[in-house]
Amino acid sequence: MIHETSGTEETSARTAPGRTEPAPAPARPAVAGEPLVAGLLLAAGGGRRLGGRPKALLSHRGRPLVEHAVRVLREGGCEVVHVVLGAAADRVRAEARLPGCVLVDNPEWAEGMGSSLRAGLASLEAEALPVEAALVSLVDQPGIGAAAVARVREAYRGPGSLAAASYEGRRGHPVLFGADRWAGIAAGAVGDQGARDYLKEHGDAITLVDCSDVAEPYDIDTEADLVHLE
């Protein structure tokens, strides 16, 4: 099920085809004729190792972490943002302010990241605007900011593009998938692996974008990791 938020704390379902709610202006103005790279935020995790606290609702700078992650995507140049929700989805809608975002329910979120990636790519395929690539980020990586998003976004070269941030030579997030890649990625997105197998099989096609100087790719997985939140 797909919903689009209003500009208030409450959310509402899309009521008519093509109708959108106003969204905050991106930090970098859109350029006419530029390819549309949409942000895809995976925010469905239930925080099993955090005592069952949904990661989207962890507090960061006084607000739910999912708000920070959406803001990073927008400031990095993604005007269209789809957010996949799972654990405590109703609470996320009630407590987080996500104006202009398309919210995607993933009832199979407990199966792992693969199900959220499939749900998100399916949502982008149904997007009214001509999305040419998905820039995928994870809600539990607040050390990755807009600078890294912008760098990976600039690696788009066409619908067959594959690109990923790298940190000290290791591939990480965000990752960019041109639209021609979505079907193959979705077919292999099972369990908690997401696109890992697909990226391994197509390693020669991946453009690695060094983001070591502008981001830290830590995850918020355990109680000890909460020290990274503000």
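Residues numbered from 1 in each chain as written. Predicted model: local features only at pLDDT ≥ 70, side-chain atom pairs only at ≥ 80, totals over all residues. Heavy atoms only, no water.

(A) Representation of the overall build of the protein chain in the model. Within the protein chain, the regular secondary structure consists of six helices and 11 strands. Put simply, the protein chain has 230 residues, and 51% of those count as buried. The contacts in the protein chain between residues at least 6 apart in sequence include a share of 71% that link residues at least 24 apart. A total of about 10600 Å² of accessible surface is found on the protein chain, and carbon and sulfur atoms cover 51% of it. (Helix = DSSP H or I, 4+ residues; strand = E, 2+ residues; numbered from the N terminus. Buried < 20%, exposed > 50% of the residue type's maximum accessible area, 1.4 Å probe, protein only. Contact = heavy atoms within 4.5 Å. Areas by Shrake-Rupley, 256 points an atom, 1.4 Å probe, with all protein chains shown as cover.)

(B) Molecular detail of the layout of surface pockets. There is about 1100 Å³ of room inside the largest pocket. Taken together, 37 residues make up the lining of the largest pocket; nearest its centre are K55, M113, L138, D140 and D192. Among the secondary structure elements, those contributing two or more residues to the lining of the largest pocket are β3 (37–43), α3 (113–125), β8 (133–138), β10 (170–178) and α6 (196–201). Tallying contributions element by element places β10 first for the lining of the largest pocket, with six residues. Here the lining of the largest pocket is composed, by residue class, of 16 nonpolar, 10 polar and 11 charged. (1 Å grid on protein atoms, 1.4 Å probe; cavity = no way out; pocket = protein on both sides within 12 Å on 5 of 7 lines; lining within 4 Å. Points joined across faces, edges and corners; volume = space filled by probe spheres on them. Nonpolar A, V, L, I, M, F, W, Y, C, P; charged D, E, K, R; others polar.)

(C) Focus on α3. Helix length check: α3 (13 residues) gives 18 Å between terminal C-alpha atoms against 18 Å at 1.5 Å per residue, within 8%. Among the residues of α3, those classed as buried are G114, S115, S116, L117, A119, G120, L121, S123 and L124. (Expected span 1.5 Å × (residues − 1).)

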